[in-house]
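# Structural characterization, general
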2 protein chains.
Amino acid sequence: MMPRHPAYSGLAAHFERIHRLRHAAAMLAWDRATMMPPGGSGARARAEAEVLGQVHALLADPDLAPRLDAAAGEDLDDWQRANLGGMQRQRDEAVRIPAELVARRTLVNAACEHGWRQQRAANDWAGFLPAFREVVAVARDEARHLSAGATGGAYDALMARYEPGFSAARFETLFAPLVDRLPDLVRRARLPARAASTLPASCPVPRQRALCREIAALLGFDFGRGRLDESAHPFTGGVPGDVRITTRFDPADPLAAINSTIHECGHARYVQGLPEAWHGQPVGEPRSFGIHESQSLGIEMQLARSPAFCGLLAPLLAQHLGMPEDPATLHAHLTRVEGGRIRVRADEASYPLHVVLRFRIERALIEGEIEADDLPAMWDAGMAELLDIDTRGDYRDGCLQDIHWTKGAFGYFPSYTLGAMVAAQLFAALRREHADLDSRVADGDLSPVFDWLATHIWSRASRFDTDTLIRLATGQAIGPDDYLRHLERRYGEAG
Amino acid sequence: MMPRHPAYSGLAAHFERIHRLRHAAAMLAWDRATMMPPGGSGARARAEAEVLGQVHALLADPDLAPRLDAAAGEDLDDWQRANLGGMQRQRDEAVRIPAELVARRTLVNAACEHGWRQQRAANDWAGFLPAFREVVAVARDEARHLSAGATGGAYDALMARYEPGFSAARFETLFAPLVDRLPDLVRRARLPARAASTLPASCPVPRQRALCREIAALLGFDFGRGRLDESAHPFTGGVPGDVRITTRFDPADPLAAINSTIHECGHARYVQGLPEAWHGQPVGEPRSFGIHESQSLGIEMQLARSPAFCGLLAPLLAQHLGMPEDPATLHAHLTRVEGGRIRVRADEASYPLHVVLRFRIERALIEGEIEADDLPAMWDAGMAELLDIDTRGDYRDGCLQDIHWTKGAFGYFPSYTLGAMVAAQLFAALRREHADLDSRVADGDLSPVFDWLATHIWSRASRFDTDTLIRLATGQAIGPDDYLRHLERRYGEAG
């Protein structure tokens, strides 16, 4: 019997092959960050480049264009139609970038990222700069190819890889109220107005490790379909049936590992909750990086920093770290505003200002308004303006603190704050449906949260565009109101 | 400027790409055995099949035949000429196996191996059999394709993948004196004539882990270019710049982990000692599986079980495991003959008899003289004949004990005993050159061993065929004399 849509079916098999190679690339990248000894780095970069080169060849296959056209004329259901759209977008992005540039990008970025792991620790900006100049040059080259003939600018083209349907101009509009109101909110809420911690000065890493595993289990992370390991910069990798999350342990700051574990669990639940029938197909992938962040930040900021969840967390801290922490003190500690210099440890109110700084810098870098060499100066000026912090001479916890730029991920940062914004909208909608949410969480029943997210976000994967997905889930367009209301409610009274 | 050998240079680049994909496949396989959660297994099998399918496509590329012919007419040095021969062999093997069979083999073998990890523990032969029948069917299919038009039989064709230049008939000749003399040697030397152990009844795994790391370091394993992890069946994987060895820990039997660590270190030193200029090329690979085993068994049996090395090992056991073991007792324990049922824990004198049993069974399986269902009966009969052990009803420590057949590695086992034989020859030659070997080892100086192996074996990679390599190293043809002399000397007096 002839299938109803032969062209589409052939494409689905083709993209399944692409997914299998990406599985290989994802595991190589995870291994590189968690397991690989230093001597493996050169050969690994070449192996990853080869696998990604094969992916690129499959996407750039000249046969694909007529097959996509033929499938567009077939009788497809809505999911298949959306899947075809995803194939088309991946194909378009691939053919805009020459294979040679794909290979060069992988090598250049891996070399920069690898060096950064030592250079950051050594506060060594001068050592980092040569490799970083190459990363910037490759990213500009890439942006030039991606934006050729498109309506947006070079930076828009890079950003669209993470946030399809969004532009730098739209982000500027969404972020403007944050730039307007948050510096003042942070100033008013800043320590010492909030409670200081009663955490012990030092927590042995094995205890933190056991605690983080238990927190991940509490958050429903499925260890039968994933792992929790350690890396210099926490991330979520792997594939839907085998999600690899990482954290990092600092004996002097157990909350860093706890918060990052909670954050990555939000990412992991999304990936573990994607519809199995669509694993390996474009429509079965997470919607966008902003939506991914809305899940991690939803769990970290909206769920885990609620007083009710702190009531679950405090006994675990007592059990594993021997802390006499009561829930109210823990909550006060988790929601304190310090305005520090490190993004991943920043309080929730300062965080968007860190993003705005990076958004401005990477936009200027890619548009050619500044050079790689100018990064520290623009960093220091922005930190002074937005967060009133003097970062001069501190690269380690300044412009070298993030892994993103080292591996050429320009255009990613705005997604963090889009995610925080969307998370506030999602949880506002969730609370409208579940008036008893806090009491159920306090009783240890997290199912209302996870069931709601599974229904409205995870199971929908990339079936809808981002705006439609959020309108279906919340009844509203994406905007900063719920987010600002949430921040004002949590931090505004502290002034 | 035109290169002196354009066809050869193009082929070298082509095989470097193949090596990069094999790097990916090696790391996926290592991860599967050491890190992967159960939920990852289906998608992982498909990902590995896809990567190996790409390797196969690159080897089966129709353009390769004329390019190999063109390179054969170019002005090449000896290494390049040997490299071209390696390319030709890989190409020949690949085109004999249809791509469909390559993909099916990977899926079927991965499924069987994955199930085996539980089934072995549960002594579940019936559960294992259905997947194993498929593995046998695929292996026979493969043997049929490989042997079509060749002089040898089906089993010879599978064996040649591991031991080029050898046949089942030659192994039968090499093994005949062992079958003739070892059963009696084992009977005479068997416990309780030798010293019982004074090892503690239980050794915590973390202490064993620390000890094994120190032993690996003592044996020169380079942790900057490799890792030591854990898996159900110890193995050496990875690539020359990043060698992954594994062991397994049994709290009741610390010597199992120690011995397997020493064994895998022998493999690892070989790989870490391959000539860097030829990494990624066929001529830069280990010569054969038998030569690989000659390195692991050389370190394990010839070096580490000498009284001199036991003098280095005993203080480490005392330090990490708190054992009051003196070197002489440790040596007596390591060289005791028990005639047990488990190959990987077998004493050195019984070991070749385990191999002979497997050699007979797999030869009969592949030649169609028996079926998968008949395996336990032939196993039990062979164990009774060769080792005087009743294994009926015990699959766990009987015919399910090894990983090899679960993943279709038929034809591999003879290489173990070829390796032991060659190891004895190599160390006899090494001792002829270094009359003071034992006193230098006793002083903690292992350099005579490693320098000699680096010169005569590691640095030569696949430059020569196996027979030439051993003749160059020892001045003699491969044969059982040094091996039998070694076994008689170590175990013969004990009767």
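Each chain has its residues counted from 1, running along the sequence as written. All chains are assigned letters beginning at A, and all ligands numbers beginning at 1, according to the order in which they are written. Residues qualify for local features only when their pLDDT is at least 70, as the model is predicted, and side-chain atom pairs are given and counted only at 80 or more; totals for whole chains, interfaces and linings, by contrast, use all residues. Values shown for side chains rest on all heavy atoms present in the structure; no hydrogens or waters enter the calculation.

Right, let's talk about helix H14 (residues 351-366) of chain A for a bit. Residue and element names in this part refer to chain A. With 16 residues, H14 ought to run about 22 Å at 1.5 Å a step, and its terminal C-alpha atoms sit 23 Å apart, in line with that. Only protein chains enter the area calculation, which uses a 1.4 Å probe; residues under 20% of their type maximum are buried, those over 50% are exposed, and those in between are partly exposed. Only runs of H or I of at least four residues qualify as helices and only runs of E of at least two qualify as strands under DSSP, and these elements are numbered from the N terminus. With 14 of 16 residues buried, H14 lies mostly within the body of the structure. Just past H14, the residue Gly368 takes up positive phi, approximately 80°. Here a helix's expected span is defined as the number of its residues, less one, multiplied by 1.5 Å.

Residues and elements named next belong to chain A. Mapping His456 onto the fold places it in helix H18 (residues 447-456). Using a relative accessible area of 13% as the deciding quantity, one classes His456 as buried. Contacts: residue pairs with any heavy atoms within 4.5 Å of one another. Setting aside residues no more than four positions away along its own chain, His456 makes contact with Glu433, Leu469, Leu472 and Ala473.

What follows covers the sheet that holds strand E1 (residues 226-230) of chain B. All names here are of chain B. Taken together, three strands build an open sheet; the order of strands is E1-E3-E2 and the sheet is mixed. A strand with exactly one partner marks an edge of an open sheet, and here the two such strands are E1 and strand E2 (236-239). Put simply, the sheet's adjacent strands are angled 20° from each other on average, direction ignored. Pairing between strands is defined by DSSP: at least two bridges between them are needed. To get an axis, fit a line to the C-alpha atoms, keeping to the stretch in contact for a helix; angles then go from 0 to 180 degrees between the N-to-C directions.

With that settled, the discussion passes to the interface of chain A and chain B. The partner chain B presents 32 residues to the 32 residues of chain A that form the contact. As a working definition, buried area equals the accessible area (1.4 Å probe) given up by two parts on being put together, with both sides summed. For the pair chain A and chain B, the summed buried area comes to about 2,500 Å², and 57% of that belongs to carbon and sulfur atoms. Any carboxyl oxygen of Asp or Glu within 4 Å of a side-chain nitrogen of Lys or Arg constitutes a salt bridge here. Our enumeration of links across chain A and chain B arrives at six salt bridges. Notably, a salt bridge pairs Arg17 of chain B with Glu50 of chain A, separated by 2.9 Å at the nearest N-O pair. Whenever two N or O atoms come within 3.5 Å, that pair is a polar contact, provided that in protein one can donate a hydrogen and the other can accept it, and provided that, for residues adjacent in sequence, both atoms are side-chain atoms. In this assembly, chain A and chain B are joined by twelve residue pairs in polar contact (both at pLDDT 80 or more). At the level of elements, helix H1 (6-34), helix H2 (41-60), strand E1 (226-230) and strand E3 (242-247) of chain A are the ones that each hand at least two residues to the side of chain A that touches chain B. Asp, Glu, Lys and Arg are counted as charged, while Ala, Val, Leu, Ile, Met, Phe, Trp, Tyr, Cys and Pro are counted as nonpolar; the rest, among them Gly, fall into the polar class. Residues that form the side of chain A that touches chain B fall into these classes: 14 nonpolar, seven polar and eleven charged.

Now for the pairing of E1 of chain B. Residue and element names in this part refer to chain B. For E1, the tally of buried residues reaches four of five residues, placing the bulk of the element in the interior. Note that E1 and strand E3 (residues 242-247) share five bridges and pair parallel. Paired with Leu228 across the two strands is Ile245, which belongs to E3.

Let us now look at the relation of the copies chain A and chain B. We superpose the copies by least squares over the C-alpha atoms of residues that have a pLDDT of at least 70 in both of them. Expressed as a screw operation, the relation of chain A to chain B combines 0.0 Å of axial shift with a rotation of 180°, fitting to an RMSD of 0.0 Å. Taken together, these values place the two copies in the relation of a two-fold axis. When C-alpha positions in chain A are compared against the rotation axis, the closest is assigned to Ala24 of chain A, at 3.4 Å. Both copies share a contact surface, since 100% of the interface residues of chain A are interface residues in chain B too.

Next up on the list: the sheet that holds E3 of chain A. All names here are of chain A. Pairing in this open sheet of three strands is mixed, and the strands run E1-E3-E2 from one edge to the other. Lying at the two open borders of the sheet, with one neighbouring strand each, are E1 and strand E2 (236-239). Averaged over all pairs of adjacent strands, the angle between their axes in this sheet comes to 20°, without regard to strand direction.

The next subject is the domain arrangement of chain A. Residues and elements named next belong to chain A. Reported domain spans reflect what an automatic or database domain assignment gives. Domain parsing of chain A yields domain 1 (6-154) and domain 2 (168-494). Each of domain 1 and domain 2 has a C-alpha centre, and the two are 25 Å apart. Listed per partner, the contact involves 44 residues of domain 1 and 54 residues of domain 2. In this assembly, domain 1 packs against domain 2 so that about 3,900 Å² is buried in total across both faces, 62% of it on carbon and sulfur atoms. Contact with domain 2 buries surface across domain 1, with Trp79, Arg120 and Trp125 losing the most and accounting together for 21% of the total. Our enumeration of links across domain 1 and domain 2 arrives at four salt bridges.

All right, on to the pattern of salt bridges then. Residue and element names in this part refer to chain A. Counting across every chain of the model gives 80 salt bridges over all chains. Residues Arg44 and Asp31 are paired through a salt bridge, measuring 2.9 Å at the closest nitrogen-oxygen approach. Here Asp31 lies in helix H1 and Arg44 lies in helix H2, a separation of 13 residues in the sequence. For the pair shown, Arg44 and Asp31 are each scored as buried.

Residue and element names in this part refer to chain B. Burial along E2 is one-sided: Gly237 and Val239 are buried, and none of Thr236 and Gly238, which face the opposite way, are. Pairing of E2 with E3 involves four bridges; the strand directions are antiparallel. Bridge pairing in E3 links Val239 to Asp242. Between the end of E2 and the start of E3, which pair antiparallel, lie two residues.

The way to describe two aromatic rings as a pair is by their centre distance and the angle between their planes. All names here are of chain A. Two aromatic rings from Phe, Tyr or Trp, using only the six-membered ring of Trp, form a pair when their centres are within 6.5 Å; if the ring planes differ by under 30 degrees the pair is stacked, by over 60 it is edge-to-face, and anything between is tilted. With the rule as written, the count across this model stands at 44 aromatic pairs over all chains. Where Phe171 meets Phe175, the ring centres are 5.3 Å apart and the plane angle is 35°; that geometry is what we call tilted. With Phe171 and Phe175 both in helix H8 (residues 168-189), this residue pair falls four residues apart, about one helical turn. The buried category is assigned to Phe175, whose relative accessible area is 3%. Against the face of Trp30 rests Arg244, its NZ or CZ located 4.4 Å from the ring centre. By definition, being over a ring means that NZ of Lys or CZ of Arg is both within 6 Å of the ring centre and within 35 degrees of the ring normal. Of note, Arg269 hangs over the ring of Phe450, and the distance from its end group to the ring centre comes to 4.3 Å.

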